[in-house]
Amino acid sequence: METIVKSKSDELKTLLSESREALEEAKNYLSKDGKRYELHDWVTIAEYCKRFNIPNTQTVSNWIKRGIITEENTVVIEEYNNIRLIKAIPYQDHH
């Protein structure tokens, strides 16, 4: 009897540990249409401006419209009020 209780207890500890690990990992990415977006690589326009010292978000929005930030480097998350994320890499505005 004691063996059964101990193994159930160990099983529960393992499940809890695995659940914690999965939750921790899930905090670090979004998944959309089968593609995974790591949150340290994909940021909002406002966060991008902070990271790369760009004075206003309109500049980045214009880059998106003009194709300086390519389509594959942007994603719109409909489930989060159509928020747009962009890949957090430096882009060059060539006039």
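Given the structure is predicted, the values throughout are model-derived calculations rather than measurements.

Cut-off values and rules
- Residues numbered from 1 in each chain as written.
- Predicted model: local features only at pLDDT ≥ 70, side-chain atom pairs only at ≥ 80, totals over all residues.
- Heavy atoms only, no water.
- Buried < 20%, exposed > 50% of the residue type's maximum accessible area, 1.4 Å probe, protein only.
- Helix = DSSP H or I, 4+ residues; strand = E, 2+ residues; numbered from the N terminus.
- Arc of directions from axis to C-beta.
- Contact = heavy atoms within 4.5 Å.
- Polar contact = N/O pair within 3.5 Å; in protein donor to acceptor, adjacent residues only side chain to side chain.
- Core = buried A, V, L, I, M, F, W, Y, C linked by side-chain atoms within 4.5 Å.
- Pairing = 2+ DSSP bridges.
- Axes fitted to C-alpha atoms, helices over the stretch in contact; angles between N-to-C directions.
- Phe/Tyr/Trp six-rings, centres within 6.5 Å; stacked < 30°, edge-to-face > 60°.

For helix 3 (residues 57-66), the set of buried residues is Val60, Trp63 and Ile64. Buried positions in helix 3, seen along its axis, are confined to an arc of 100° and lie on one side of it. Contact partners of the buried residues in helix 3: helix 2 (45-51), strand 4 (74-77) and strand 5 (83-87). In this structure Asn56 caps helix 3, since a side-chain oxygen of it lies 3.1 Å from the backbone nitrogen of Gln58.

A separate point is the nonpolar core. If you look at the biggest cluster of nonpolar residues, it comprises 13 residues, and the most contacted ones within it are Tyr48, Val60, Trp63, Ile69 and Ile86. Mapped onto this core, the elements with two or more residues apiece are helix 2 and helix 3. Apart from the residues lying within four places of it in its own chain, the contact partners of Ile86 are Asp41, Trp42, Val43, Tyr48, Val60, Ile64, Ile69, Asn73 and Thr74. Among the nonpolar cores identified, the runner-up in size contains five residues, and Tyr37, Trp42, Ile77 and Leu85 belong to it.

With that out of the way, let us pick up the sheet that holds strand 4. Whenever strands of a sheet pair, they do so through backbone hydrogen bonds, lying parallel or antiparallel. Across the sheet, three strands lie side by side as 3-5-4; this open sheet has antiparallel pairing. Each end of this open sheet is capped by a strand with a single partner; those strands are strand 3 (42-44) and strand 4. Neighbouring strand axes in the sheet, compared pairwise and without regard to direction, differ in orientation by 35° on average. Here strand 4 pairs with strand 5 via four bridges, running antiparallel. Bridge pairing links Thr74 to Ile86 in strand 5.

For the rest of this paragraph, the subject is the pairing of strand 5. Relative to strand 5, strand 3 runs antiparallel, the two being bridged by three bridges. Bridge pairing in strand 5 places Trp42 opposite Lys87. Between strand 4 and strand 5, which pair antiparallel in sequence order, lie five residues; one of them, Asn81, sits at a positive phi of approximately 60°.

Turning to its location among the elements, Val76 is positioned in strand 4. Remark: the alpha-carbon pair of Val76 and Ile86, spanning ten residues in sequence, is separated by 8.9 Å. In this structure, Val76 is in contact with Lys32, Asn82, Ile83 and Arg84, ignoring residues within four places of it in sequence.

A separate point is the pairing of strand 2 (residues 35-38). In regular strands, side chains alternate between the two faces of the sheet. As defined by bridge partners, strand 1 (residues 29-32) adjoins strand 2 across four bridges and the pair is classed as antiparallel. Each residue of the ladder has a partner; that of Lys32, found in strand 2, is Lys35. Between strand 1 and strand 2, which follow one another and run antiparallel, lie two residues, and Asp33 among them has a positive phi close to 50°.

Tallying each qualifying case throughout the model produces three aromatic pairs. Ring centres 5.8 Å apart and planes at 40° place the aromatic pair Tyr48 and Tyr91 in the tilted group. A residue pair is termed long-range when its members are at least 10 positions apart, and Tyr48 in helix 2 and Tyr91 in the segment after strand 5 qualify at 43 residues. The same class applies to Tyr48 as to Tyr91, namely buried. Taken together, Tyr48, Phe52 and Tyr91 form an aromatic cluster joined through their ring pairs.

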